[in-house]
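Summary of the model geometry
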Amino acid sequence: MPSLTKPTLEPFKQASWTTVPLDWAPLDIIDFSTFDVPGGKEQLAQNLKNALTKWGFWVVTGTGVEEEEIDRQLAIGNTFFKQSIEEKRKVACDFSVGNNFGYREPTRFIGTTDVKENVEVLNVPKYTPDYASVPRHDFINNFEDEIAHFQRKVWANVIRKLFVLFAIILELPEDYFVNQHHYDSPSEDHLRYMIYHPRSPEEDKKIGDQWLAGHTDFGSLTLLFSQHVAALQVRTPDNDWQWVRPVDGGIICNAADTLVLDQGGYIKSAIHRVVRPPADQAHLERLGLLYFVRPGDNVPMAPVPSPVLLREGLLTDKDLEATQDPETLVTGAEYVRARVKNVNDRKQTRIADSTPETLFKVKNLAVQDYYA
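So, here is what we can say about the structure in this document. Residue numbers run consecutively from 1 along every chain, following the written order of its sequence. In keeping with the model being predicted, local features are shown solely for residues with a pLDDT of at least 70 and side-chain atom pairs are shown and tallied solely at 80 or more, while totals for entire chains, interfaces and linings include all residues. With hydrogens and water stripped out, all remaining heavy atoms of the structure feed into the side-chain values.

1. Structural notes on the nonpolar core
Membership of the largest hydrophobic core comes to 66 residues, with the highest contact counts inside it found for L48, W58, L162, F166, L223 and Y291. The greatest single-element share of this core, amounting to 15 residues, is contributed by helix 5 (residues 144–169). Setting aside residues no more than four positions away along its own chain, F166 makes contact with L48, L52, W58, F177, L221 and L259. Throughout, nonpolar core names a set of buried Ala, Val, Leu, Ile, Met, Phe, Trp, Tyr and Cys residues whose side chains join them through atoms within 4.5 Å. Only protein chains enter the accessibility calculation, which uses a 1.4 Å probe. A residue is then buried if its area is under 20% of the maximum for its type, exposed if over 50%, and partly exposed in between. Counting 21 residues, the second largest nonpolar core, distinct from the first, contains V121, M194, W211 and L290. Starting at the N terminus, helices and strands are each numbered in turn, a helix being any DSSP run of H or I of at least four residues and a strand any DSSP run of E of at least two. Should any heavy atoms of two residues lie within 4.5 Å, those residues are counted as being in contact.

Given below as structure tokens:
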């Protein structure tokens, strides 16, 4: 429970924008301020369709999530990471069982190099009765009221509305995806605070300037709240890499694996990576705030009965029949925990040239395990 007197937070000062000319990805911006006007969500669904099916990346604005609220969460993360390593280790992720909740210390080496990871992570689960007994740091408990409010607001103002748009695009009932991802239902959703620490040019050169190799995300949807240090890149439909431009007041969104598995590839789970920032920002800490959306723990990973997928030839009646077999069905919790364990429970990270053709499998599900 929160203490009567909260610890003093150290605000995080956003960096100046880079002045280095970069090849920015032309991401669509979806303005949610028109969502509730007559015909608004239908038009937004039309605006989002290309980004969702071709890029898997887009930006939302007009969400009602205020900059002051985001800055407050960044201050919580900034102050947490400045604590002693002993304090941060008190609640650690247990990747041996695919548990992503808690603190992740940068202990692994990058591939076969002598360069260590440069990122610290804190994942905070939802504040619902199902997770009341999940350990959290004393520091985080002081801000439970604020973090819980922020999580719920993001779910209601952004995540719920995006799932409505996805359903409209796929000609499904508007609550189809909402019902699979309710905030109050058990799921592996979490708010993530993460900080990348700068490295020397010599160290980064050894790993091809890649701080996090190309990958897709494990759940259904990822939200990245805007921060100014350029480092995120997305693989384009033409298989090139372009930088993702931060947008003031915007939230960068990308579709992820479990959503794509249900659509036969109609929705794109974008491959993205984190690289050394441009020269005028390479010396800076890169603090990030993200929300990772996972399917409900008991939601089966099965094709959705979308008329669009049937027309596109991405779904057949046989596919729908196969989803009734309990021996092969995978639940949201099974898939996400297996994927978390596979990627994180190792002493070395994978690198860009690590067998990009590799598939990750759980029962009947297989996903391209991109690290390119």
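2. Structural notes on the sheet that holds strand 10 (residues 241–243)
Here, strands pair whenever DSSP counts at least two bridges between them. Spatial ordering of the open sheet is given by 7-12-9-10, a layout of four strands whose pairing is antiparallel. With one partner strand each, in any of the chains shown, strand 7 (210–215) and strand 10 form the two edges of the open sheet. Here the average twist between neighbouring strands, direction ignored, is 25°. Here three bridges tie strand 9 (residues 232–235) to strand 10, and the two strands are oriented antiparallel to one another. Across the sheet, residue R235 finds its bridge partner in strand 10, namely W241. Orientation is described by lines fitted to C-alpha atoms, with helices fitted over the stretch in contact, and by angles between N-to-C directions that extend from 0 to 180 degrees.

3. Here we look at helix 1 (residues 40–55)
A helix is expected to span 1.5 Å multiplied by its residue count minus one. When the terminal C-alpha atoms of helix 1 are compared, their 22 Å separation across 16 residues agrees well with the 22 Å that a helix rising 1.5 Å per residue should span. At any given residue, the bend is defined as the angle formed between two axes, one fitted to the seven residues that end at that position and one fitted to the seven that begin there. Along its length, helix 1 reaches its greatest deviation from straightness, about 40°, at L48. Within helix 1 the residues assigned to the buried category are G40, L44, A45, L48, A51, L52, T53 and W55. Next to the buried residues of helix 1 lie strand 1 (29–31), strand 2 (57–61), helix 5, strand 9, strand 10 and strand 11 (251–255). G56 sits one or two positions beyond helix 1 and adopts a positive phi of about 80°.

4. With respect to the packing of helix 2 (residues 67–81) against helix 5
As a packed pair, helix 2 and helix 5 sit with axes 11 Å apart at the nearest point and diverge in direction by 130°. Classified by the interaxial angle, the pair formed by helix 2 and helix 5 is oblique. Relative to helix 5, helix 2 is oriented so that their crossing is left-handed. Taking contact as the criterion, the partners of E69, I70, R72, Q73 and I76 in helix 2 are, on helix 5, E146, I147, H149, F150 and K153. Residue polarity is assigned by list, with Asp, Glu, Lys and Arg as charged and Ala, Val, Leu, Ile, Met, Phe, Trp, Tyr, Cys and Pro as nonpolar; anything else, Gly included, falls into the polar class. Partitioned by chemical class, the residues of the contact of helix 2 with helix 5 number four nonpolar, two polar and four charged. Each angle is binned into one of four classes, with values under 35 degrees roughly parallel, values over 145 roughly antiparallel, values of 65 to 115 roughly perpendicular, and all other values oblique. Working rule for handedness: look at the near helix, and if it is turned counterclockwise from the far one by less than a right angle, call the crossing left-handed; if clockwise, right-handed.

Interpretation in functional terms is not warranted from these geometric data alone.
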